[in-house]
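# Observations on the three-dimensional arrangement
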There are 2 protein chains.
Amino acid sequence: MTSAASPDALLAAATAGDRRALARIVSLVEEGSAAGDELLATLHPTTGGAWTTGLTGAPGAGKSTLTSGLVTAVRAAGTEVAVVAVDPSSPFSGGAVLGDRIRMQQHAADHGVYIRSMASRGHLGGLAAATPRVVAVLDGVGFPEILVETVGVGQDEVDVATNADTTVVVVTPGWGDGVQVAKAGLLEIGDVFVVNKADRPAVGETVGDLERMLEMGGDLPWRPPVLAVVATTGEGVEAVWEAVQLHRRYLTTSGLLASRRTARILAAFEAAVRAGLRERTRRVMQDGDGEGVAAAVAAGTVDPWTAARRVLQRADG
Amino acid sequence: MTSAASPDALLAAATAGDRRALARIVSLVEEGSAAGDELLATLHPTTGGAWTTGLTGAPGAGKSTLTSGLVTAVRAAGTEVAVVAVDPSSPFSGGAVLGDRIRMQQHAADHGVYIRSMASRGHLGGLAAATPRVVAVLDGVGFPEILVETVGVGQDEVDVATNADTTVVVVTPGWGDGVQVAKAGLLEIGDVFVVNKADRPAVGETVGDLERMLEMGGDLPWRPPVLAVVATTGEGVEAVWEAVQLHRRYLTTSGLLASRRTARILAAFEAAVRAGLRERTRRVMQDGDGEGVAAAVAAGTVDPWTAARRVLQRADG
């Protein structure tokens, strides 16, 4: 597979299991190139078959180790799985201690597992924009299971929610007493809660805190389970995967899956419009004109609002 | 003064002290109308004479009472002053308890005080965009002192910083132990810190916390003072106004004022470009076209990224 291969040939190869072709498509899509956009449009009709599970939580909560355990659970059933790591500190992104990296590498030789780190794409805003595009590619080429690991800071926990069918929130007894989870906005977005490192003290307290706060949410049709896990030994990981399957059945049989996916795709649409406008502003401002206008504003020869109107009019020209 | 008066007649009247003419100009500018934009451009050469003091802090910190006290201090010197209230819960905006409202009304009969509430303009994002325009008008018609009161939530504390020559951060012993102030990003933007309601317990602790955290910032040329105040009795309010005057002298004699004002006017310029692009998108999305595209995205007949490109292309048309 050469980099000069036609888009159709690339897609056919990737769908047939050629991992180098897949990596090439993902790169084109990640970059936001015109070729990538065309590939996304071509793949669109074949998307919708994958189940996307998002894992979010603070750095150090053990998301990667749990993700690795879930990969093992999926593979035990013979199912192919793709992992997208958006957390720059994830071992999947190469940014972790040796022991963790070795644990992840057990999957590297398994052709049924495709791992893509997005950490190299820089700032989290850019990652958040690129992630749903990459997930759409993996869905389109036929992965039945996709795991997306994101670091839960700032807006990202919200992004993972709009990107995933099932969202797993991972906390530790040390980090995540319930109040912290609530403050971070994670209480509303979790479909399954995992208290990891359950071999540490205070695990029962954290589980109890979370359950009480979820109770305050009232009588919901889906009551998110709170599961104690020791991801490093694999204890409880099976139960997490079973909870994801339960949630999947709930969304599918209740008919909520369709509306959830519609909301998700509309969010991606609006994010793409915003990103396009930002890019356009940057382009206009980088023009000689934009800089000249800014200099005039700085010099005080024109008011900022007249100046802005001029720049916007030039952007139309 | 009728609403059909020419722009030049309006400006002449407002500059001569006609408050109804001024209110009319402020409304036109606030609305973002073409007439308002022209008035702003005409006023621009006469701006730069006002000193703008921003007051920010959480709701209930006592910003309005302190603002009222500062108005009294300014008026004692015979100087005219304009107050812009961006906080919807401010007594200046009519959204407060009776006692507070009465306190503010002592200024209502004073022709040397102009009070403008912007709360009726709705959401804070819109207020943040309109505030620097209104401040420019008040500056342009000749107010030597402008006080801007904003509620310190979300991005607003940053906005008040880019809008003010001197920024006063108001906290209470209850709300604002230093850590909260740091979390809210207020530590970096304050030129003067006020611990209000200093008749309550723990005031010394809060003052100490703030001073320690400001020390951590290292040896800065301007070290923000931390002042204990009881705004309701007026205790310490004089000292706050003196601190503002000290900061004013520091900025003026150090030559930092020019670069600070340039940064502020460039920020207003960039914000206006962004606002223009947002408005353009909103317009396109509201068109039958934009809605149709969104419906196609929801129906799954087009992928969100192709759809976004279509909307952006139509925005150019």
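To be clear, the structure that these remarks concern was listed above.
So, here is what we can say about the structure in this document. In this numbering scheme, every chain counts its residues from 1 along its sequence in written order. All chains are assigned letters beginning at A, and all ligands numbers beginning at 1, according to the order in which they are written. Under the rules for a predicted model, residues below a pLDDT of 70 receive no local features and side-chain atom pairs below 80 are neither given nor counted, while totals for whole chains, interfaces and linings still include all residues. Only heavy atoms go into the side-chain values, all of them from the structure, while hydrogens and water stay out.

Note on the copies: chain A fits chain B at an RMSD of 0.5 Å, the axial shift is 0.5 Å, and the rotation between them is 180°. Such values leave the two copies arranged in the relation of a two-fold axis. Here the copies were fitted onto each other by least squares, based on C-alpha atoms from residues at pLDDT of at least 70 in both.

What follows deals with the packing of helix 4 (residues 63–76) of chain B against helix 10 (residues 237–254) of chain B. Residue and element names in this part refer to chain B. Helix axes are fitted only over the stretch in contact, all axes being lines through C-alpha atoms; the angle between N-to-C directions runs from 0 to 180 degrees. Under the DSSP-based scheme used, a helix requires at least four consecutive residues in state H or I and a strand at least two consecutive residues in state E, with every element numbered from the N terminus. Running from N to C, helix 4 and helix 10 point in directions that differ by 70°, and their axes come no closer than 9 Å. As summarised for this structure, helix 4 and helix 10 are arranged roughly perpendicular, according to the angle between their axes. Facing helix 4, whose interface residues are Leu66, Gly69, Leu70, Ala73 and Val74, helix 10 presents Val237, Glu238, Val240 and Trp241. Three classes are used, and their members are as follows: Ala, Val, Leu, Ile, Met, Phe, Trp, Tyr, Cys and Pro are nonpolar, Asp, Glu, Lys and Arg are charged, and the others, Gly among them, are polar. For the contact of helix 4 with helix 10, a count of residues per class yields 7 nonpolar, 1 polar and 1 charged. Roughly parallel covers angles under 35 degrees, roughly antiparallel covers those over 145, roughly perpendicular covers 65 to 115, and oblique covers all other angles. Any pair of residues with heavy atoms lying within 4.5 Å of one another is described as a contacting pair.

This brings us to the pairing of strand 5 (residues 166–171) of chain A. All names here are of chain A. Burial classes: relative accessible area under 20% of the type maximum marks a residue as buried, over 50% as exposed, and values in between as partly exposed (1.4 Å probe, protein chains only). Most of strand 5 sits inside the fold, with 6 of its 6 residues counted as buried. Judged by which residues are buried, strand 5 turns out to be covered on both faces: Thr166, Val168 and Val170 on one side and Thr167, Val169 and Val171 on the other are all buried. At least two DSSP bridges between two strands are required for those strands to pair. Relative to strand 5, strand 1 (residues 51–57) runs parallel, the two sharing 4 bridges. In the sheet register, Leu55 faces strand 5, and the bridge partner there is Val168. Where strand 5 and strand 6 (residues 192–195) come together, 4 bridges link them in parallel fashion. Residue pairing across strands places Val168 opposite Val192, the latter belonging to strand 6.

Turning next to helix 2 (residues 19–31) of chain B. Residue and element names in this part refer to chain B. If you check helix 2, its first and last C-alpha atoms are 18 Å apart, about what 13 residues at 1.5 Å a residue would give, namely 18 Å. Among the residues of helix 2, Arg19, Ala21, Leu22, Ile25, Val26, Leu28, Val29 and Glu30 are the ones counted as buried. For helix 2, the capping residue at the N-terminal end is Asp18, with a side-chain oxygen 2.9 Å from the backbone nitrogen of Arg20. What a helix is expected to span follows from its residue count: subtract one and scale by 1.5 Å. Whenever two N or O atoms come within 3.5 Å, that pair is a polar contact, provided that in protein one can donate a hydrogen and the other can accept it, and provided that, for residues adjacent in sequence, both atoms are side-chain atoms.

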